[in-house]
Amino acid sequence: MAEDTFHITVAPEQSGSRLDRILAGSLQDVSRARLQDWIRQGHVKLYRQQKEIPHLSPSATPLAGDEIIVSRPHTREASLAGEDISLDILFEDDHILVLNKAAGMVVHPSAGHDSGTLVHALIAHCGDSLAGIGGEKRPGIVHRLDKDTSGVMIIAKHDVAHQRLGDQFKAHGRDGRMQRVYHACVWGSPIPVSGTVNAALARSPHNRLKMAVAKHQRARQAITHYRRLAQDPSEKISLVECRLETGRTHQIRVHMAHLGFPVIADTVYGPGMRTKIETLALDLQTAVAALSRQALHAKELGFEHPDSGESMHFTTPLPADMERIVEIFR
């Protein structure tokens, strides 16, 4: 594999600092985790008085005047072939890409989905602007939306952006940097009209493809703040806003079902849809029956830009299938 070589002389103020920290200060487009891999893989050499220091580790402490030579591996081409798939791009620069994901699009290749995914589309769209994740020219999927959930997503184009955005998602908005808002059409009319669901989630013991509210030690804390925005006159359907304080798999879908107001057309957590549809007014029956996926949309995403630190906020409109339902009872 071809490499670029960088020479760094340790400054007096850097003396005694960790090797990976010194490198992170000089190679700011590479994540610290990636630099640690380079050190372990032998791509970094340290010389003191022209003698190589053997058995380097990320925690090694160079001294002032030491020479560091980094043989930076070139980024590998993506192992997946890009596919020319239309994307609704909201923002793009050298560091990130923000898009409005369509319902029905799988985010990442998996068993049964080896083509036509968002990753395939991004590889083709971004081309050489992908600096690489983990040494490969591929997009950094910081968070995922279910196949049948539409809405705003952010993608990282290089390691550092991926790591910094990942830190924001791990904080779940508690530090004020990130906001995640979803809109859902649900069965029934939540009372009270706003509240918080604090119910830990874990894999269902009866179906490993499902999540469930659980109280055992392996369950992970999950918190959703909800607010009813509108409802149909018969109070059989509502539009609900959900703000995430945590981001667990299927969190909103499980929490709304736990409250007794499952997301409409959610075949996993909201059974009995056909019977419920028959109780609706004819125009609502038609709009709801036309849904081919759960009525859940990632409406808003706010975050700090991983390079500039600028606060950014994106809002996406309800997709047509959900908008048809809401317009009827508005």
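Within each chain, residue numbers correspond to sequence positions counted from 1 in written order. With pLDDT at 70 or above as the cut-off, local features in this predicted model cover only qualifying residues; side-chain atom pairs require 80 or more to be listed or tallied, and sums for whole chains, interfaces and linings still use all residues. Heavy atoms throughout the structure, all of them, feed into the side-chain values; hydrogens and water do not.

Draft legend 1. Geometry of the overall build of the protein. When helices and strands are tallied, the protein shows eight helices and 16 strands. With the principal axes as the frame, the protein shows a C-alpha extent of 85 × 45 × 40 Å. Burial classification: accessible surface area is computed with a 1.4 Å probe over protein chains only, and a residue below 20% of its type maximum counts as buried, one above 50% as exposed, and the rest as partly exposed. Each of the 330 residues in the protein was classed as buried or not, and the buried ones make up 47%. Element-wise, carbon and sulfur atoms account for 48% of the exposed surface of the protein, whose accessible area totals about 16200 Å². Helix and strand assignments come from DSSP, with helices taken as H or I runs of at least 4 residues and strands as E runs of at least 2, each series counted from the N terminus. Accessible surface is estimated by sampling points in the Shrake-Rupley manner with a 1.4 Å probe; for residues, cover comes only from the protein chains shown.

Draft legend 2. Local environment of the pattern of salt bridges. Here, a salt bridge means any Lys or Arg side-chain nitrogen found within 4 Å of an Asp or Glu carboxyl oxygen. What the rule picks out here adds up to 11 salt bridges. A salt bridge links Asp321 to Arg293; the nearest nitrogen and oxygen atoms lie 3.0 Å apart. One end of the pair, Asp321, is in helix H8 (residues 320-329); the other, Arg293, is in the loop between helix H7 (282-289) and strand E15 (296-304), with 28 residues separating them in the sequence. For the pair Asp321 and Arg293, one class covers both residues: buried.

Draft legend 3. Spatial organisation of unusual backbone geometry. Put simply, Ile191 and Pro192 share a cis peptide bond, and its omega is 5°. Summarising the element assignment, Pro192 is placed in the loop between strand E9 (179-187) and strand E10 (194-198). With phi around 55°, Gln49 is a residue other than glycine that occupies positive phi space. One can find Gln49 in the loop between strand E2 (44-48) and strand E3 (51-52). Non-glycine residue Glu235 carries a positive phi angle of around 60°.

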